[in-house]
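Analysis of the macromolecular model
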Amino acid sequence: MEDAKNNGNWLEIMLEQTQLQKLLETNQYTEQFGLELSKQNTELLVAERMNTLKKERRVEFGQSILPAIIYAFCDSAYIQQENYVDTLIRLQEIFFMYKNEMEDELTDEELLNFMKEQFETVCYGDLDYLEGTCLEIFGEAVRAGYRDYYCSEGREEFRKMDIVTRWDRRLFDAALKEMIE
């Protein structure tokens, strides 16, 4: 720690230690979903956070967004212990990329609500689809001036602009009935 103070990095190290502790504290909640972060996992997440912030040219003041991502996504049927850390890293990357893409028009909560809803319903856990389709379409709308998400806090927004026809059970049953008759 003394070397860090001499190098001017003592504040950075203290912040990192606080972030590591906050991430470990999420285990108390996520254990009920079969998810747990080790100390090594938290160190990796904090390191990846720094890489992502540099890549996206962003600065985070105060608490990291990671605990919010963890609490928002830990109950997902598409996240298991085996993919937990990799999914968190990717969600963090997507979050910061789209904070930039949407020119910070959405609050963190609005963006997380939108991401979680699409991840569970439209994307069925597919992070590529979340990033490359759902958030891309929504981001274009936000940059073009769309603001209806203010009232909904980012919920139930994608269906208003979704251009992809989804599978519909009623249509399937009707088509199957026609084929049989």
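Residues numbered from 1 in each chain as written. Predicted model: local features only at pLDDT ≥ 70, side-chain atom pairs only at ≥ 80, totals over all residues. Heavy atoms only, no water.

Further remarks concern the side chain of E110. By the secondary structure assignment, E110 is in helix α7 (residues 108-121). Of the side chains with opposite charge, K99 lies nearest to the buried E110, which makes no salt bridge, at 7.3 Å. From its side chain, E110 meets the backbone nitrogen of T107 in a polar contact 2.8 Å long. (Helix = DSSP H or I, 4+ residues; strand = E, 2+ residues; numbered from the N terminus. Buried < 20%, exposed > 50% of the residue type's maximum accessible area, 1.4 Å probe, protein only. Lys, Arg positive; Asp, Glu negative; His and termini not counted. Salt bridge = Lys/Arg side-chain N within 4 Å of Asp/Glu carboxyl O. Polar contact = N/O pair within 3.5 Å; in protein donor to acceptor, adjacent residues only side chain to side chain.)

Here we take up the packing of helix α6 (residues 84-101) against α7. Interhelical geometry of α6 versus α7 gives an angle of 125 degrees and a closest axis separation of 11 Å. With respect to their mutual orientation, α6 and α7 come out oblique. Between α6 and α7 lies a crossing whose hand is right-handed. Contact residues: L91, I94, F95, Y98 and K99 in α6; D108, L111, L112 and M115 in α7. Its residues placed into classes, the contact of α6 with α7 shows seven nonpolar, no polar and two charged. (Axes fitted to C-alpha atoms, helices over the stretch in contact; angles between N-to-C directions. Parallel < 35°, antiparallel > 145°, perpendicular 65-115°, else oblique. Left-handed = near helix turned anticlockwise from the far one by under 90°. Contact = heavy atoms within 4.5 Å. Nonpolar A, V, L, I, M, F, W, Y, C, P; charged D, E, K, R; others polar.)

Take the confidence of the model for the protein chain next. Of all residues in the protein chain, 73% have pLDDT values of 70 or greater, and the mean over the chain is 78. Per-element averaging of pLDDT across the protein chain places helix α1 (residues 2-6) at the bottom with 46 and helix α5 (residues 66-73) at the top with 92. (pLDDT = per-residue confidence, 0-100.)

Before going further, it helps to examine the packing of α7 against helix α8 (residues 127-143). As a packed pair, α7 and α8 sit with axes 10 Å apart at the nearest point and diverge in direction by 125 degrees. By the angle between their directions, the pair α7 and α8 is classed as oblique. Like other packed secondary-structure pairs, α7 and α8 cross with a definite hand, here right-handed. Only L127, L130, C134, L135 and F138 of α8 make contact with α7, whose side of the interface consists of L111, F114, M115, Q118 and F119. In the contact of α7 with α8, the residues fall into nine nonpolar, one polar and no charged.

On to the pattern of salt bridges, then. Evaluated as defined, the whole model comprises seven salt bridges. E131 serves as the salt-bridge partner of R90, at 2.7 Å between the closest nitrogen and oxygen. You can see R90 sitting in helix α6 and its partner E131 sitting in helix α8, a full 41 residues away along the chain. Residue E131 is classed as buried on the basis of its relative accessible area, which comes to 18%. The residue R143 makes a salt bridge to E136 at a minimum N-O spacing of 4.0 Å.

This part covers the nonpolar core. Counting 39 residues, the largest nonpolar core has M115, L130 and L135 as the members making the most contacts within it. Among the secondary structure elements, those contributing two or more residues to this core are α2 (10-25), α4 (39-56), α5, α6, α7 and α8. Counting residues per element, this core draws most heavily on α6, which supplies nine residues. Sequence-distant contacts of M115, defined by excluding residues within four places in its chain, comprise F73, L91, I94, F95, L130 and L135. (Core = buried A, V, L, I, M, F, W, Y, C linked by side-chain atoms within 4.5 Å.)

Inspection of every chain in the model, using the stated rule, returns six aromatic pairs. With a centroid separation of 5.6 Å and an interplanar angle of 65 degrees, the aromatic rings of Y29 and F33 are classed as edge-to-face. Consider the rings of Y29 and Y71, whose centres lie 5.5 Å apart with planes at 65 degrees: the pair is edge-to-face. One end of the pair, Y29, is in helix α3 (residues 27-30); the other, Y71, is in helix α5, with 42 residues separating them in the sequence. Judged by its relative accessible area of 41%, Y71 is partly exposed. By way of ring pairs, the aromatic residues Y29, F33 and Y71 are connected into one cluster. (Phe/Tyr/Trp six-rings, centres within 6.5 Å; stacked < 30°, edge-to-face > 60°.)

The next subject is the side chain of T42. Assignment of secondary structure puts T42 in helix α4. The residues touching T42, leaving out its near neighbours within four places in the chain, are L20, L23, L24 and L37.

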